[in-house]
Amino acid sequence: MEAGVIINDDMNDALSQDSTPKFKPPFVWSPRPAGSTDLVWRYPGNPILGRRAIPCAQAVYNSAVVPFQNRYAGVFRADHMNGLPDLHVGWSDDGIRWELSPEPIGFATSDGEMPKPAYGYDPRVCLIGEKYYITWCAEYHGPTIGLAWTSDFKTFHRLENAFLPNNRNGVLFPRKIRGHYAMLSRPSDGGHTPFGEIFYSESPDLRFWGSHRFVMGAGRLWWESVKIGSGAVPIETGEGWLLFYHGVRSTCNGLVYSMGAALLDLDNPWKLRGRIPGPILMPEQDYETTGFVPNVVFPCAVLHDESTGRLAIYYGAADTHVALAFALRDELISELLANPATV
């Protein structure tokens, strides 16, 4: 489904929202299909954004969404017609139908020495206090983690890059750990990254990062034998931090990206408590198996309704579309606790 196209009656029927939700705006939800036992299931109106969602784009995918002032706001990856990706703001009343700004985000900075990146992609958005922090893959002599904040999704204030190149998949925690800001990242190389493991880092001020700790590595499970990377902002639960991530395996037909779930210790998030052995969502539908990069499911954002435990997962499909899936927090936590892991 292309952006700006009104969802038809069948799609509207498939979208279920609480009449008196604790979560505002009304939480995006579609019930598990009858007879399904899957931990994660897809929105039947997928994909919710198509490749030509804005005129300058050849694809829109791997994007982040948050609730904001009784609406939803998002930062979206758009691959432009010149071949370079950039970030665009989007707005929605229901989390399904989106209006994207045709102009890329312009980041304000008081440091004239801070060069403008040639590209930006794969954003995440994390609310800490009263500021929404955006992390993304920014160009600076190779891929690194860009960092900025906004309070209104109109003006964006750019901070120093978090790390030296090469690094990707920077994901902030939604509160301080041990009095410090905390981030997960995936050190990489300058190319397509034929390796990758998740690390934890802390900062007192979002400028200087240290206390680096290994969190979890690739190769232990068949579906993530090549590399892994953090996906959405971790969700705090009574049992630990619920982390959605992507895992990659190599096949005769190229790389396959799937979605996994892990549980990190609440006080020491570099300690792994649980890890579901198999992928919780893998490329199966046409919009996931066919596109600019086929066979990709890439989570970037999760909405969490604390009162019901409902989760709405936004993910990139085949490096072409934005798609949506659903899960229940407590079911995932139970599965993770049944599968303890330490690496």
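Above this note sits the structure.
A brief report on the enclosed structure follows.

Reading guide: rules and limits
- Residues numbered from 1 in each chain as written.
- Predicted model: local features only at pLDDT ≥ 70, side-chain atom pairs only at ≥ 80, totals over all residues.
- Heavy atoms only, no water.
- Core = buried A, V, L, I, M, F, W, Y, C linked by side-chain atoms within 4.5 Å.
- Buried < 20%, exposed > 50% of the residue type's maximum accessible area, 1.4 Å probe, protein only.
- Helix = DSSP H or I, 4+ residues; strand = E, 2+ residues; numbered from the N terminus.
- Pairing = 2+ DSSP bridges.
- Salt bridge = Lys/Arg side-chain N within 4 Å of Asp/Glu carboxyl O.
- Axes fitted to C-alpha atoms, helices over the stretch in contact; angles between N-to-C directions.
- Contact = heavy atoms within 4.5 Å.
- Polar contact = N/O pair within 3.5 Å; in protein donor to acceptor, adjacent residues only side chain to side chain.
- Arc of directions from axis to C-beta.

Another aspect to go through is the nonpolar core. Counting residues in hydrophobic clusters, the biggest one holds 41 residues, and the most contacted among them are Val28, Val60, Trp98, Phe153, Tyr314 and Leu324. Only strand 2 (57-68), strand 3 (71-80), strand 4 (85-92), strand 8 (131-139), strand 20 (297-305), strand 21 (310-317) and strand 22 (321-328) provide two or more residues apiece to this core. It is strand 2 that contributes the most residues to this core, six residues altogether.

Right, let's get into the sheet that holds strand 4. Here we have four strands laid out as an open sheet, ordered 2-3-4-5, and antiparallel in their pairing. In this open sheet, the two strands that pair with only one neighbour each are strand 2 and strand 5 (99-100). Pairing analysis gives two bridges linking strand 4 to strand 5, with the strands arranged antiparallel. Considered in strand 5, the bridge of Trp91 is made with Glu99.

Throughout the structure, instances matching the rule amount to twelve salt bridges. One network of salt bridges, in which partners are shared, links Arg42, Glu284 and Glu288.

Sheet strands associate in pairs through backbone hydrogen bonding, adopting either a parallel or an antiparallel arrangement. The four strands are arranged 1-22-21-20 in an open sheet whose pairing can be described as antiparallel. Either end of the sheet is taken by a strand with one partner, and the two such strands are strand 1 (40-42) and strand 20. Going from strand to strand, the sheet's axes swing by 30 degrees on average, the running direction of each strand aside. Taken together, the three bridges between strand 1 and strand 22 define a ladder with antiparallel strand orientation. Considered in strand 22, the bridge of Trp41 is made with Phe326. Against the sheet, helix 3 (residues 329-337) makes contact with strand 20, strand 21 and strand 22, and its axis sits at roughly 75 degrees relative to strand 22, the strand it touches most.

Another aspect to go through is the side chain of Arg168. Its place among the elements puts Arg168 in strand 11 (residues 167-172). Classification of Arg168 by relative accessible area gives buried; the value is 12%. In terms of polar contacts, Arg168 uses its side chain to reach the side chain of Ser188, at 3.0 Å. With residues up to four places along the chain from it excluded, the contact list for Arg168 reads Tyr121, Cys137, Pro143, Ile145, Ser185, Arg186, Ser188, Asp189, Gly190, Gly191 and Thr193.

With that settled, consider helix 3. Among the residues of helix 3, those classed as buried are Arg329, Leu332, Ile333 and Leu336. In an axial view of helix 3, the angular spread of the buried residues amounts to 100 degrees, which keeps them on one side of the axis.

Before going further, it helps to spend a moment on unusual backbone geometry. Note the cis peptide between Asn46 and Pro47, where omega equals -10 degrees. Considering the arrangement of structural elements, one finds Pro47 in the loop between strand 1 and strand 2. Of the consecutive residues Pro165 and Asn166, the connecting peptide bond is found in the cis state with omega at 10 degrees. Look at Asn70: it is not a glycine, yet its phi comes out positive at around 65 degrees. Structurally, Asn70 can be placed in the loop between strand 2 and strand 3. Classification of Asn70 by relative accessible area gives exposed; the value is 56%.

On the secondary structure map, Glu284 appears in the loop between strand 19 (272-275) and helix 2 (286-289). Sequence separation between Glu284 and Val296 is twelve residues, and the spatial gap between their C-alpha atoms is 9.4 Å. Among all residues touching Glu284, those that are not within four sequence positions of it are Arg42 and Thr289. A distance of 3.5 Å separates polar atoms of two side chains, one belonging to Glu284 and the other to Arg42.

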